[in-house]
Amino acid sequence: MKPVPETTPPLIALRDLKVHFPLGSVGTLGRLLGRTPTRVVKAIDGVTLAIQPGETLGLVGESGCGKSTLGRAILQLVRSTAGRICFRGTDLTSLNARQLQQTRRHLQMIFQDPYASLNPRMTVGDIIAEPIEIFEPLRGEALQQRVQDLMRTVGLNPAFVKRYPHEFSGGQRQRIGIARALAVGPEFIVADEPIAALDVSIQAQILNLLSQLRRDFGLTTLFISHDLRAVRHISDRVAVMYLGKLVEVADSREIYRRPLHPYTQALISAVPVPDPAVEKTRQRIVLVGDVPSPIDPPTGCRFHTRCPYAQERCRAEEPPLVDTGGGHQAACFLLEEFPLAA
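Conventions and cut-offs
- Every chain is numbered on its own, with residues counted from 1 as its sequence reads.
- The model is predicted, so local features are restricted to residues of pLDDT at least 70 and side-chain atom pairs to those at 80 or more, both for listing and for counting; the totals for chains, interfaces and linings are taken over all residues.
- Only hydrogens and water are set aside; all other atoms, that is, all heavy atoms of the structure, feed into the side-chain values.
- Think of it this way: any DSSP run of H or I at least four residues long counts as a helix, any run of E at least two long counts as a strand, and we number them from the N terminus.
- The globule rule is 2.2 Å times the number of residues to the power 0.38, and the radius of gyration it is compared with is taken over C-alpha atoms.
- Per-residue accessibility, obtained with a 1.4 Å probe over protein chains only, is compared with the maximum for each type, and a residue is labelled buried under 20%, exposed over 50%, and partly exposed between these values.
- The contact definition used throughout considers only heavy atoms, calling two residues in contact when any of these lie within 4.5 Å.
- Note on areas: these come from Shrake-Rupley sampling with a 1.4 Å probe, and a residue is covered only by the protein chains present in the view.
- In this tally, Lys and Arg are treated as positive and Asp and Glu as negative; His is ignored, and so are the chain termini.
- Every charge is mapped onto a representative atom, which is NZ of Lys, CZ of Arg, CG of Asp or CD of Glu.
- We count a salt bridge whenever a side-chain nitrogen from Lys or Arg sits within 4 Å of a carboxyl oxygen from Asp or Glu.
- Strand pairing is assigned whenever DSSP detects at least two bridges linking the two strands.
- Helix axes use the C-alpha atoms of the stretch in contact, all axes being lines fitted to C-alpha atoms, and the angles between their N-to-C directions lie in the range 0 to 180 degrees.
- Every helix has an expected span of 1.5 Å times one less than the residues it contains.
- The term polar contact refers here to a pair of N or O atoms within 3.5 Å; inside protein, the definition further demands a hydrogen-donor-capable atom paired with an acceptor-capable atom, and it admits residues adjacent in sequence only when both atoms are side-chain atoms.
- For Phe, Tyr and Trp, rings pair up if their centres lie within 6.5 Å, where Trp contributes its six-membered ring, and each pair is then called stacked (planes under 30 degrees apart), edge-to-face (over 60) or tilted (otherwise).
- In our convention, an over-ring charge means Lys NZ or Arg CZ found within 6 Å of a ring centre and within 35 degrees of that ring's normal.

A.B. asks: Before we move on, can you summarise the overall build of the protein chain with the specific residues and values?
C.D. replies: Helix and strand counts for the protein chain come out as 13 helices and twelve strands. For a compact globule of 342 residues, the expected C-alpha radius of gyration is about 20 Å, and the protein chain comes in at 22 Å, within 12% of that figure. In terms of overall dimensions, the protein chain has C-alpha extents of about 70 × 65 × 40 Å along its principal axes. Out of the 342 residues in the protein chain, the part that is buried amounts to 47%. The long-range fraction of contacts in the protein chain, counting pairs at least 24 apart against all pairs at least 6 apart in sequence, stands at 66%. Element-wise, carbon and sulfur atoms account for 51% of the exposed surface of the protein chain, whose accessible area totals about 17300 Å². Where the 40 positive side-chain charges of the protein chain centre and where its 34 negative ones centre are 4 Å apart.

A.B. asks: Summarise the pattern of salt bridges; cite the residues concerned and give the values.
C.D. replies: Side chains carrying opposite charge are able to pair once their charged atoms draw close together. Tallying each qualifying case throughout the model produces 17 salt bridges. Here E187 makes a salt bridge to R88, at a shortest N to O gap of 2.5 Å. Of this pair, E187 sits in the loop between helix 6 (170-182) and strand 7 (188-192) while R88 sits in the loop between strand 4 (82-87) and strand 5 (90-91), and the two are 99 residues apart along the sequence. Taking relative accessible area as the criterion, E187 reaches 24% and is therefore assigned partly exposed. A salt bridge links K245 to E318; the shortest N-O distance between them is 3.0 Å. Here K245 is found in strand 10 (residues 245-251), whereas its partner E318 is found in the loop between helix 12 (312-316) and strand 11 (322-323), with 73 residues between them in sequence. With relative accessibility at 15%, the residue K245 sits in the buried group. Exposure remark for E318: the relative accessible area of 46% places this residue in the partly exposed category. The network of salt bridges with common partners includes R105, E136 and R146.

A.B. asks: Hey, could you go over the sheet that holds strand 4 for me, with residue numbers and the actual values?
C.D. replies: Sheet strands associate in pairs through backbone hydrogen bonding, adopting either a parallel or an antiparallel arrangement. The strand order across the open sheet formed by four strands is 2-1-4-5, and the pairing between neighbours is antiparallel. The sheet is open, and its two edges are formed by strand 2 (40-51) and strand 5, each paired on a single side. Note: strand 1 (residues 12-22) against strand 4, five bridges, orientation antiparallel. Within the sheet, the bridge partner assigned to I12 lies in strand 4 and is F87. In the packing of helix 2 (residues 67-74) onto the sheet, contacts are made with strand 1, strand 2 and strand 4, and the angle to strand 1 comes to roughly 115°.

A.B. asks: Quick rundown of helix 6? Include the residues and the values.
C.D. replies: For helix 6, which comprises 13 residues, the first-to-last C-alpha distance of 19 Å matches the rise-based estimate of 18 Å (1.5 Å per residue) to within 8%. Of all 13 residues that make up helix 6, eleven are buried, and the element is covered over most of its length. Every buried residue of helix 6 is accounted for by G170, G171, R173, Q174, R175, I176, G177, I178, A179, A181 and L182. On the buried face of helix 6, the contacting elements are strand 6 (107-110), helix 4 (124-135), helix 5 (140-153), strand 7 and helix 7 (200-217).

A.B. asks: So, the side chain of S225: which residues are in play, and what are the values?
C.D. replies: Within the element layout of this structure, S225 appears in the loop between strand 8 (220-224) and helix 8 (228-234). Look at S225 and you get buried, because its relative accessible area is 3%. Here the side chain of S225 touches D227 through a polar contact of 2.9 Å, landing on its backbone nitrogen. The contacts of S225, once residues within four sequence positions are left out, are L59, V60, G61, K67, E193 and V231.

A.B. asks: Please provide a residue-by-residue account of the packing of aromatic side chains, values included.
C.D. replies: Taken as a whole and judged by the stated rule, the model has four aromatic pairs. Their ring planes at 65° and their centres at 6.2 Å tell us that F160 and F168 sit as a pair that is edge-to-face. Since its relative accessible area comes to 22%, F160 is described here as partly exposed. Taken together, the ring pairs in this structure connect Y242, Y263 and F303 into an aromatic cluster. One residue, R163, lies across the ring of F160, its end atom 3.9 Å from the ring centre.

So yeah, pure geometry; function would need other evidence.
Quick look at the structure:
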């Protein structure tokens with residue numbers, strides 16, 4: 001991707017975004033009295049992030065860290081609790097249902113499960129045509145031509161337009177989902193672990209397809225994955241999330257060459273190296289324990305319960321996400337003690 005001028009406004013801008021899910025119910029009387037549940041799942045708990053036009057931002061982290069919730073919140077598939085989600089300067093959280101529906105043609109999603117995300121009772125042609133019929137006055141032969149063109153674009157035979165999803169393989173179904181996402185010419189796409197359910201050989205094909213589509217259509221993409229090799233292949237920048245917060249954001253090459261946060265270092269050290277000699281001798285960083293519950297996250301730095309470098313300060317204070325230079329951001333007190341590491 002060509003570098004985006006610093007003066008170019010972001011396509012997507014998040015400001016202190018929070019998504020909390022209540023546990024249990026306060027009942028009708030409690031709602032009338034303005035009561036709120038005493039316990040909540042803090043899936044996203046204060047994320048500030050900008051995605052530039054034409055950029056692919058990779059979002060990584062362990063399961064349960066809030067990656068998918070963040071992607072769905074940007075598209076307003078789940079409602080945010082607080083904060084702002086701006087698309088081209090418009091706060092999506094302030095839109096009514098009608099306004100949001102019209103905006104959604106510019107914001108589309110590729111889902112993780114190609115088997116569950118397609119209606120089994122609809123033909124492939126109807127699945128791809130559905131969003132076009134909602135947003136455009138295209139019907140008849142012109143609509144069918146658009147559907148067939150989209151199938152060719154994603155590498156599917158347009159002769160299969162009357163077939164049903166169960167007649168396709170997993171990789172082909174994901175291509176159908178991609179064609180549907182492209183149908184109304186979106187500017188921004190959230191790809192939520194789009195290769196996780198596929199065989200390794202098919203994963204590479206889908207990654208190459210997504211890269212080609214980004215170049216051909218100038219798409220801006222949030223690519224969510226736990227596979228750091230895939231993220232490195234497709235992303236311009238990488239954001240690392242842990243327990244609902246960002247702990248590091250940097251250029252893709254920079255973050256793999258010089259990870260600053262201990263959590264990022266551990267994730268990258270777990271990625272296999274294709275050279276057997278290097279793989280045998282390199283040192284792995286093994287994290288102890290599981291991701292804490294987002295219902296009752298640790299105080300201070302949320303990573304301190306698993307961090308090999310945790311100090312008393314980490315248990316009491318939350319480190320801010322600061323720029324260490326060149327747009328490389330990290331949230332760790334170690335960077336204050338060892339500034340040369342940054």
